Amino acid sequence: MALEQKVNDFMAKIIAKNPGEAEFHQAVHEVAETIIPYMEENPIYKENKILERIAEPERVILFRVPWLDDKGEIQLNKAYRIEMNSAIGPYKGGLRFHPTVNLGVLKFLAFEQVLKNSLTTLPMGGGKGGSDFDPKGKTDNEVMRFCQSFMTELCRHIGPNTDIPAGDIGVGGREIGFMYGQYKRIRNEFTGVLTGKGREWGGSLIRPEATGYGATYFAEYMLNTRGDSLKGKVVTISGSGNVAQYACEKVTDMGGKVVTLSDSSGFIHDPAGIDAEKLAFVMHLKNVKRGRIKEYADKYNCEFHEGKRPWGIKCDVAMPNATQNEVNEEEAKTLIANGCFVVSEGANMPSAPEAIEVYSKAKILYGLGKAANAGGVAVSGLEMSQNSLRLSWTREEVDSRLKQIMKDIHETCVKYGKEGDYIDYVKGANIGGFVKVADAMLAQGVV
Ligand code: NDP
């Protein structure tokens, strides 16, 4: 049977078992396309149904979150925790609070997380969770009441040796603080059950920076394979949240020029570059004032493109750092027609499958999310190590470990993805992540 038919047959079963979960199907399909050929050469994985088992969560927890808004009215949200795979360590992965959250979105994220965590070289299984709660427009007190109610249920399912959530879209330092406070109050224990904690109460230096820094280091390592670097490169970034902010900082530190940032209402284009002072404005705007990116254009007198994404702007390097499926086929073609030859994904699955086809045909340096954005969970892993040791490492120590991990991930991608002069990072990351989890599952028997 032709390989394509095998992938289609496998996907037909996944779709039948998981109806209506489009993002989950997309994520599994991307992996199946590289893993099924690999399993043909290594039949032990096929005989043991490893791919089928990896695509089925070990456990899914679904619960309601009732909370009182400032007017005293009852509000209700849906919440989830997907405990996907614990073959190489306790479940680890973020919590997302966003109105688009549903079971299929979280299963795609949890599935990606399993392979990503394996790539980091650290002993972490994969999970993901969250709620359709939208923190935007809510007061701090409302966010706190939601987080407390959410954790009142979640706390019975997680623990420092079982499942260790972190942040993601809509979950930053404020939300982690409220959830940690409630966990501690109910369980009466001070443990490293969440990562992304504040510095004073168990957080790691460099954790807030880690995903953005890591995706930038990954871009640099990809460029190095062509004897090039970020120095002097024009970079477009989408998003203006945690990942986008620190990617912007690191690109600028490494000599690149960031010319765009965005949020769900549009993007700003600043051809002069977003330097440290302008970035400080963005950080205050987004993290403290919780305002819209348009205010940047008003302040620095540059263009704001309402309702648009930044992929029509000429650049050398693109970093999609907002959300899934934010680069479509047309946008990918435009990027390449404008000379872009590096894509390093801070977000999870930001490029649609058709966009990935375009990158792959053009043979550009394409660092997919599960490799390029693994720095965040890697430093979460380092936060867990520091919590267990009851020590905290310096900024330099954590940053140098992060750099080394990103380098190791890059090398794994090269090892499994090199085809002549070209490095297929999709293949490299998928196989590199899969092998370790698969071997652990083989060793642990039918569980
Ligand atoms: P934040 O909530 O801090 O920021 C998200 C940014 O993306 C905001 O600017 C937001 O704009 C924008 N955004 C979100 N949803 C949409 C949408 N549907 N359309 C357009 N813009 C959107 O999240 P993070 O920076 O933490 O996460 C960004 C991406 O990085 C996600 O894909 C996440 O899974 C991934 N990631 C994050 C990690 C981390 O450590 N935080 C680790 C690994 C991956 P607005 O405010 O208007 O909604």
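In this report, the structure presented in the accompanying data block is examined.

Rules used throughout
Residues numbered from 1 in each chain as written. Predicted model: local features only at pLDDT ≥ 70, side-chain atom pairs only at ≥ 80, totals over all residues. Heavy atoms only, no water. Helix = DSSP H or I, 4+ residues; strand = E, 2+ residues; numbered from the N terminus. Contact = heavy atoms within 4.5 Å. Pairing = 2+ DSSP bridges. Axes fitted to C-alpha atoms, helices over the stretch in contact; angles between N-to-C directions. Near = heavy atom within 4 Å. Polar contact = N/O pair within 3.5 Å; in protein donor to acceptor, adjacent residues only side chain to side chain. Nonpolar A, V, L, I, M, F, W, Y, C, P; charged D, E, K, R; others polar. Domains from an automatic or database assignment.

### Points about the environment of Tyr217
Stage number 1. Along the chain, Tyr217 falls in helix 8 (residues 207–224).
Stage number 2. Once you skip the residues sitting within four places of it in the chain, Tyr217 turns out to touch Lys250, Met254, Asp399, Leu402, Lys403 and Met406.

### Concerning the sheet that holds strand 4 (residues 126–131)
Stage number 1. The strand order 1-2-4-3-5 describes an open sheet built from 5 strands, whose pairing is mixed. The open sheet terminates on both sides in strands that have one partner only, identified here as strand 1 (59–68) and strand 5 (163–166). Sheet twist, expressed as the mean angle between neighbouring strand axes with direction ignored, is 20 degrees.
Stage number 2. Strand direction decides the pairing type here: strand 3 (residues 91–97) and strand 5, joined by 4 bridges, are parallel. By the bridge assignment, Tyr91 is partnered in strand 5 with Asp163.
Stage number 3. Lying over the sheet, helix 5 (residues 103–119) contacts strand 1, strand 2 (74–85), strand 3 and strand 4, oriented at roughly 150 degrees with respect to strand 4.

### Brief notes about the site of the ligand
Stage number 1. The immediate surroundings of the ligand are formed by 24 residues, with Asp168, Thr211, Ser264, Arg292 and Asn348 found nearest.
Stage number 2. Within the contact set of the ligand, an oxygen atom lies 3.0 Å away from a backbone nitrogen or oxygen of Gly170.
Stage number 3. Asn242 has a polar backbone atom sitting 2.9 Å from an oxygen atom of the ligand.
Stage number 4. Broken down by secondary-structure element, the contributors of at least two residues to the shell around the ligand are helix 8, helix 9 (242–253) and strand 7 (257–263).
Stage number 5. The residue makeup of the shell around the ligand, split by class, is 4 nonpolar, 14 polar and 6 charged.
Stage number 6. Composition of the shell around the ligand by domain shows at least three residues from each of domain 2 (59–192) and domain 3 (210–372).

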